[in-house]
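Chain by chain, the residues:
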Amino acid sequence: MTTTPFKDRARIDAVDKVRGATAYAADIPVPGMLYAMLVPSLVAKGRIATLHVEDAVSVPGVVRILTPDDFPPPPEPVRFPNADASPTLHRDIAFRGQPIALVVAETLEAATEGAERVAATFETQPFAATKRSALAVREEARPTAFGDAEAALAQATMTVDVEYESPAQHHNPIELISTTAVWTDGRLTIYEGTQFASGIKEVVARILRIDPGIVDVKSPSVGGAFGQKGWVQQQTAIIARAAMLLGRPVKLVTPRGQIFHLAKFRPNSTHRIRLGADAAGKMTGVHYVADQQQSRRGTFPPDYHAGPTRLYGIRNYYGGGVDYRIDTQPPGHMRAPHEHPACFAFECAVDELAYGLGADPVDFRIANDTRVDPQNGRPLSSRHLNECLSRGAQRFGWSKRTPKPGSMRAADGSLVGWGVASGIYPALVTATVATLRISADGTTRFATTHHEFGQGIKTAIGAVLLDGLEIDAAKLDIVLGDTTVAPQQITAGSWGTFSVVPTAALAVERMRAAISELLAGRQFSGTIHQQLAAIRRPFLTLTFRCSDPVRMLQHWNGCAGGNMRSPVRPFPNLQQ
């Protein structure tokens, strides 16, 4: 992108959000809507022995109750992403809160009352609730290792051996998890707040054994995602199946309390770190093993070493990962999934080592800088950690700090602590597909890959289009998260806006060239809309794919430094 600042414009969705007019998935009105409520398992492990729905069926307004008998057996040997089983209804119980039935009714109140009246008995089994439970199964992952960590630690002048624990943490964003499914004319349309519309399309089709070509997924806006909505949710295929069986739209808004059992979460993890340094204050070796809680068949990996391996120039590193498989729902991404607990633990260990050496923790970190990737010895394209540390210390007044613990107090006598820590997160980008249509009637439509969940991706796209093209800002429509307009990459890891803005820049370049060719030297004043009207062209549409956004950024004089990789992954089983 150009380094010239964009014009100061209002955020595209700001007015609608403050007016409460922004439409989220659960807000989409569909005639003939039915309302659903899940019935959760009250046991952690076992099997449904009996399921009594008679009392629930008698509730006025209840239309149908779906049970495990209403779902086809899952295709084998297919494994579903980070799920213990096909995300439908099952008789076998893998975790407390697992759905065992779905009540569908004419009103939400009837669905809720009906769900409360479903009665089940279970054949319970012994279960493991924590990593330290007797029935937990320890499973080691392939380690990250380079150099000789044990030899370096044996020769170190100073070592620390520390352990930190990060508790399990659960998402519960303002927008509740919801799914609305519509089955009409042989097509299934799913409205859901998601980070991965194409993933829902593919997985739900596989679960229900239908052609993915008849499934459309639309995610108009997401009110908080943070990684929670990057996976196919437990309820999605259940609601889709209900809509197909009943021939009417069905909507579920999951109660907030159920989210703690149904949704992905950051797992409990423990970080044991041995860190050593030589007499000159250079960190020489690390032995770091991180373990985490995991469900019995979940696939969320214990990859806690991508950050610590690159923070400093430590040439000898052993990084182990361990899953403790227990009887909970599968964990998943949550707001910097592995880097957050890993960098927190590692930076605490660095502080402990600096304190043991009598070194200033800022100076200690600066002295351990690196210009190459310690894992492979390749030069880093850019690195500015030391500049950040130095500037932060200067602006914060770090020189006024006294290092002795408990030595600094506020005016009211309260203890004051000053600390420093570094963090790291990858800069990733993905391929994108886009269609730009400018019409003589004054409208412009830009439909592309990725999803809007509050990061301002539409505003960034709009800034590029409006600065580069003479179009009507009031009639600009930007469509994201919709599988009917473009394949949808998963939007996560802070790469959504970074990936799609180069595509918008490419759209500007291509559209300007197409308009110039269309006019063939003729001069018409006004906007592109007016120019199209002058030559009696109703619209001009361009569709293209930006497969290498990093190169596109370089082309547009953007930042291509750091450790960017492109693309992060291909489109999921889709053809253009």
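Residues numbered from 1 in each chain as written. Predicted model: local features only at pLDDT ≥ 70, side-chain atom pairs only at ≥ 80, totals over all residues. Heavy atoms only, no water.

Colleague: Quick one: what's the story with the environment of His-305, residue by residue and with numbers?
Modeller: Position of His-305 among the secondary structure elements: in the loop between strand E17 (283-294) and helix H8 (308-311). Judged by its relative accessible area of 4%, His-305 falls in the buried class. As for His-305 and Gly-321, which are separated by 16 residues in sequence, their C-alpha atoms are 8.7 Å apart. Contact partners of His-305, with chain neighbours within four places excluded, come to Thr-144, Tyr-288, Tyr-317, Gly-319, Gly-320 and Gly-321. (Helix = DSSP H or I, 4+ residues; strand = E, 2+ residues; numbered from the N terminus. Buried < 20%, exposed > 50% of the residue type's maximum accessible area, 1.4 Å probe, protein only. Contact = heavy atoms within 4.5 Å.)

Colleague: Please provide a residue-by-residue account of empty space enclosed by the protein, values included.
Modeller: According to the stated counting rule, one finds one cavity of 30 Å³ or more in the structure shown. For the lining of the largest cavity, the residue count by class is seven nonpolar, no polar and no charged. (1 Å grid on protein atoms, 1.4 Å probe; cavity = no way out; pocket = protein on both sides within 12 Å on 5 of 7 lines; lining within 4 Å. Points joined across faces, edges and corners; volume = space filled by probe spheres on them. Nonpolar A, V, L, I, M, F, W, Y, C, P; charged D, E, K, R; others polar.)

Colleague: Kindly report on the packing of helix H12 (residues 457-468) against helix H13 (residues 496-519), identifying the contributing residues and their values.
Modeller: Contact geometry of H12 with H13 gives a least axis separation of 9 Å together with a crossing angle of 20°. Taken as axis vectors, H12 and H13 run roughly parallel relative to one another. Taken as a pair, H12 and H13 cross one another with a handedness that is right-handed. Of the residues in H13, those in contact with Ile-457, Ala-460, Ile-461, Val-464, Leu-465 and Gly-468 of H12 are Gly-496, Thr-497, Val-500, Val-501, Ala-504, Ala-505, Val-508 and Arg-512. Considered class by class, the residues forming the contact of H12 with H13 number ten nonpolar, three polar and one charged. (Axes fitted to C-alpha atoms, helices over the stretch in contact; angles between N-to-C directions. Parallel < 35°, antiparallel > 145°, perpendicular 65-115°, else oblique. Left-handed = near helix turned anticlockwise from the far one by under 90°.)

Colleague: Hey, could you go over the nonpolar core for me, with residue numbers and the actual values?
Modeller: In this structure, Leu-102, Val-104, Leu-188, Ile-190, Val-204, Leu-208 and Val-250 are the most contacted members of the largest nonpolar core, which totals 34 residues. Counting residues in hydrophobic clusters, the runner-up holds 32 residues, among them Leu-465, Ala-504, Ile-535 and Cys-546. (Core = buried A, V, L, I, M, F, W, Y, C linked by side-chain atoms within 4.5 Å.)

Colleague: Hey, could you go over H12 for me, with residue numbers and the actual values?
Modeller: When the terminal C-alpha atoms of H12 are compared, their 17 Å separation across twelve residues agrees well with the 16 Å that a helix rising 1.5 Å per residue should span. A large share of H12 lies buried, amounting to ten of its twelve residues. Turning to H12, its buried residues are Ile-457, Lys-458, Ala-460, Ile-461, Gly-462, Ala-463, Val-464, Leu-465, Leu-466 and Gly-468. Of the surrounding elements, those touching the buried residues of H12 are strand E20 (444-448), strand E21 (476-479) and H13. (Expected span 1.5 Å × (residues − 1).)

Colleague: Any chance you could break down the sheet that holds strand E3 (residues 62-66) for me, citing the residues and the numbers?
Modeller: Pairing between the strands of a sheet is mediated by backbone hydrogen bonds and can be parallel or antiparallel. Sheet architecture is open: seven strands sit in the order E3-E5-E1-E14-E11-E12-E13, paired in mixed fashion. At either margin of the open sheet sits one strand with a lone partner, and together these are E3 and strand E13 (215-218). Recorded for the sheet is a direction-independent mean angle of 20° between the axes of neighbouring strands. When strand E1 (residues 34-40) meets strand E5 (residues 99-105), the two strands line up antiparallel, connected through six bridges. (Pairing = 2+ DSSP bridges.)

Colleague: How would you sum up the pairing of strand E11 (residues 178-184)? Please name residues and give values.
Modeller: Counting buried residues along E11, five of its seven residues qualify, which places the element largely inside the surrounding structure. Of the pairings in the sheet, the one linking E11 to strand E14 (residues 250-253) comprises four bridges and is antiparallel in character. Paired with Ala-181 across the two strands is Val-250, which belongs to E14. Summarising the sheet, E11 and strand E12 (residues 187-191) pair through five bridges and their orientation is antiparallel. Looking at the pairing, Ala-181 lines up with Ile-190 of E12. From the end of E11 to the start of E12, which pair antiparallel, there are two residues, and Asp-185 there has a positive phi angle of about 50°.

Colleague: I'd like a description of the pattern of salt bridges, backed by residues and values.
Modeller: Enumeration according to the criterion identifies 28 salt bridges in this entry. Salt bridges sharing common partners tie together Arg-11, Asp-13 and Lys-17. (Salt bridge = Lys/Arg side-chain N within 4 Å of Asp/Glu carboxyl O.)

Colleague: Report on the environment of Met-511, specifying residues and quantitative values.
Modeller: For Met-511, the location among the structural elements is in helix H13. Considered as a pair, Met-511 and Tyr-318 are 193 residues apart in the sequence and their alpha carbons are 52 Å apart. Excluding residues within four positions of it along the chain, Met-511 makes contact with Leu-436, Ile-438, Leu-469, Leu-540 and Leu-542.

Colleague: Residue-level account of the packing of aromatic side chains, with values.
Modeller: The full count for this structure, using the stated rule, is three aromatic pairs. A ring pair is formed by Phe-146 and Tyr-317, whose centres lie 5.7 Å apart and whose planes are at 15°; its orientation type is stacked. Here the residue Phe-146 occupies a position in strand E8 (residues 144-146), and Tyr-317 occupies one in strand E18 (residues 317-325), the gap between them amounting to 171 residues. Exposure class is identical for Phe-146 and Tyr-317. Each is buried. Seen from their ring centres, Tyr-288 and Phe-346 are 6.5 Å apart, and the 20° between their planes marks the pair as stacked. (Phe/Tyr/Trp six-rings, centres within 6.5 Å; stacked < 30°, edge-to-face > 60°.)

Colleague: Could you give an account of the sheet that holds strand E6 (residues 119-124), naming the residues involved and the relevant values?
Modeller: Read across the sheet, three strands follow the order E4-E2-E6 without closing on themselves; strand pairing throughout is antiparallel. Both outer strands of the open sheet, strand E4 (92-93) and E6, are each paired with one neighbouring strand and no more. Alignment of strand E2 (residues 46-52) against E4, held across two bridges, turns out to be antiparallel. Looking at the pairing, Arg-47 lines up with Asp-92 of E4.

Colleague: Lay out helix H11 (residues 385-396) in plain terms, naming residues and giving numbers.
Modeller: Taking 1.5 Å as the rise per residue, H11 with twelve residues should run 16 Å; its terminal C-alpha atoms sit 16 Å apart, in good agreement. Listed as buried for H11 are Leu-385, Asn-386, Leu-389 and Ala-393. Projected down its long axis, H11 shows its buried positions confined to an angular sector of 100°, all on one face. Exposed side of H11, more than 90 degrees from the buried face: Cys-388, Arg-391, Gln-394 and Arg-395 are the residues found there. Taken together, the buried residues of H11 touch H8 and helix H10 (361-367). Remark: Gly-397 follows H11 within two positions and exhibits a positive phi of approximately 80°. (Arc of directions from axis to C-beta.)

Colleague: Before we move on, can you summarise the packing of helix H5 (residues 197-208) against helix H6 (residues 236-246) with the specific residues and values?
Modeller: Across the interface, H5 lies against H6 with an axial gap of 10 Å and an inter-helix angle of 60°. For the element pair H5 / H6, the angle class is oblique. Like other packed secondary-structure pairs, H5 and H6 cross with a definite hand, here right-handed. Residues Ile-200, Val-204, Ile-207 and Leu-208 of H5 form the contact with H6, whose own contacting residues are Thr-236, Ala-237, Ala-240, Arg-241 and Met-244. Of the residues contributing to the contact of H5 with H6, the split by class is seven nonpolar, one polar and one charged.

Colleague: Give a description of the state of the cysteines that names residues and reports values.
Modeller: Counted under the stated rule, the structure contains zero disulfides. There is no disulfide at Cys-343, and the cysteine sulfur nearest it, in Cys-348, is 11 Å away. Using a relative accessible area of 6% as the deciding quantity, one classes Cys-343 as buried. (Disulfide = S-S within 2.5 Å.)

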